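# Inside the fold
Each chain, letter by letter, is given below.
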Amino acid sequence: MERIYLDHAAATPLDERVLAAMMPYLTTQYGNPSSLHYFGQQARAAVQKARGQVAACLHVKPQDIVFTSGGTEADNLAVLGYIRANYPRGGHLITTAVEHHAVLRTFEALQRSGYTVTILPVDASGRVRVEDVAQAIRPDTILISVMYANNETGTVQPIKKIGALAQQKGIVFHVDAVQAYGYIPIHPLEDHIDMLTICSHKIYGPKGVGALYIRHGLNVAADAYGGPQEHRLRAGTENVAGIVGFGAASELLDQERETRSMQAAALKQRLYDGLVGPETDRVHFNGSMAYTLPNILNISVADADSAVLLIALDMQGIAVSAGSACEAGAIEPSHVLQAMGTESKWLHSSLRISVGKENTVEEIDEAIRRIRMVLHSIWKKEEAYHD
């Protein structure tokens, strides 16, 4: 049985061209970037080249990019680092109810430490209203954090409008763009973004490496002390091979993003037509087809449970997710779907299907066939149980 991978929002396969760029730094180029000799300087040059590749993809300066271990660390460095450096005694923070837990739980920790937090609601599609952001702003508001696109539903937020509002009010604006980076051209300077989080393993790069863009002149404090690496914001020897892979993946993304997006959108529409279209009373679409990433489809299934669905689909060779990969072990319903006001009957049966550049039309059609087979088997058992 051919296995079909439809969980690219959790992790993408490593592109062979990215692996080729990484290989020297996993084998013969093993120097420490902080060393002054030849081997060290070769590694240092590789890190700086990657910094330039990531910066070019965002249309920013290389010196404004800080490499991290991934999106979660970058989110934490942005929120906590900015507050430590500028408002250690308190202030008002704004975020949304559908953020990744790397942001939400950081805000919860700050609230316990004495900061005031406003968590904004979203509409049924998962979008926050710019008007709600404006109304939430207070004289002591110090930071707004809104994700570019949701990791569970793919819903895209009105980032440029929120950024313009924050800039007008003199409030720093952080954006988690981990899911959006692979499909939306993001230019922080044009979008009025002060800090931006991205990571590698969503764009066919290696796991364990991410980056934080910090607007030039913005004061951010480190949370770990040691050496002067990464502009003195992240002490410790750099993950050279991972950083090189991230840079190579970003350069390829810059060249191929439009093609990848078009292909993904066509496959997503095919999935929607094959799964939601014929079963509108038993398959519920979560999100928005108007404001959405092209690669993520989130659905809920009547008379089913997410865990049962995942196991049944895996037995049929289909790899999907029930939501955020970081919350795969959670038994609670998705906080994203709850924030969207999703009916309770749909909360425990959600599936996130996310396509990638290696998926084919033939794979998608076969996936639709297998998924429908599993769904009809579950519905048949449910009907027999109630007879």
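Residues numbered from 1 in each chain as written. Predicted model: local features only at pLDDT ≥ 70, side-chain atom pairs only at ≥ 80, totals over all residues. Heavy atoms only, no water.

### Description of empty space enclosed by the protein
- Evaluation of the coordinates by the stated rule reveals three cavities of 30 Å³ or more.
- Each pocket or cavity is described by its volume, and for the largest cavity that value is around 50 Å³.
- Around the largest cavity sit His8, Ala9, Thr12, Gln179, Gly182, Tyr183, Lys202 and Asn295, which together line it.
- Considered class by class, the residues forming the lining of the largest cavity number two nonpolar, five polar and one charged.
- Reported here for the second largest cavity is a volume of approximately 40 Å³.
- What lines the second largest cavity is simply Gly182, Tyr183, Lys202, Ile203, Tyr204, Leu253 and Arg260.
- Its residues assigned to classes, the lining of the second largest cavity comprises four nonpolar, one polar and two charged. (1 Å grid on protein atoms, 1.4 Å probe; cavity = no way out; pocket = protein on both sides within 12 Å on 5 of 7 lines; lining within 4 Å. Points joined across faces, edges and corners; volume = space filled by probe spheres on them. Nonpolar A, V, L, I, M, F, W, Y, C, P; charged D, E, K, R; others polar.)

### Notes on helix α6 (residues 159–169)
- Restricting attention to buried positions, one finds in α6 the residues Ile159, Ile162, Gly163, Leu165 and Ala166. What you see down the axis of α6 is that its buried residues fit within an arc of 160 degrees, all on one side. In α6, those exposed residues whose orientation departs by more than 90 degrees from the buried face are Lys161, Gln167 and Gln168.
- The inward-facing, buried residues of α6 abut α5 (130–136), β5 (141–145) and β6 (172–176).
- Immediately downstream of α6, the backbone of glycine 170 shows phi near 75 degrees, a positive value. (Buried < 20%, exposed > 50% of the residue type's maximum accessible area, 1.4 Å probe, protein only. Helix = DSSP H or I, 4+ residues; strand = E, 2+ residues; numbered from the N terminus. Arc of directions from axis to C-beta. Contact = heavy atoms within 4.5 Å.)

### Describing the environment of isoleucine 203
- Counting through the fold element by element, isoleucine 203 comes out in the loop between β7 (195–199) and β8 (210–214).
- Isoleucine 203 sits 192 residues away from alanine 11 along the chain, and the two C-alpha atoms are 8.3 Å apart.
- Non-local contacts of isoleucine 203, meaning those with residues more than four positions away in its chain, are made with Thr12, Tyr181, Gly182, Phe246, Ala249, Ser250, Leu253 and Arg260.

### Side note on the side chain of aspartate 191
- In this fold, aspartate 191 is placed in the loop between β6 and β7.
- One buried charged residue, aspartate 191, forms no salt bridge at all, with the nearest opposite charge on lysine 160 at 4.5 Å.
- For aspartate 191, the residues in contact, after removing those within four places along its chain, are Tyr148, Ile159, Lys160, Gly163 and Ile186. (Lys, Arg positive; Asp, Glu negative; His and termini not counted. Salt bridge = Lys/Arg side-chain N within 4 Å of Asp/Glu carboxyl O.)

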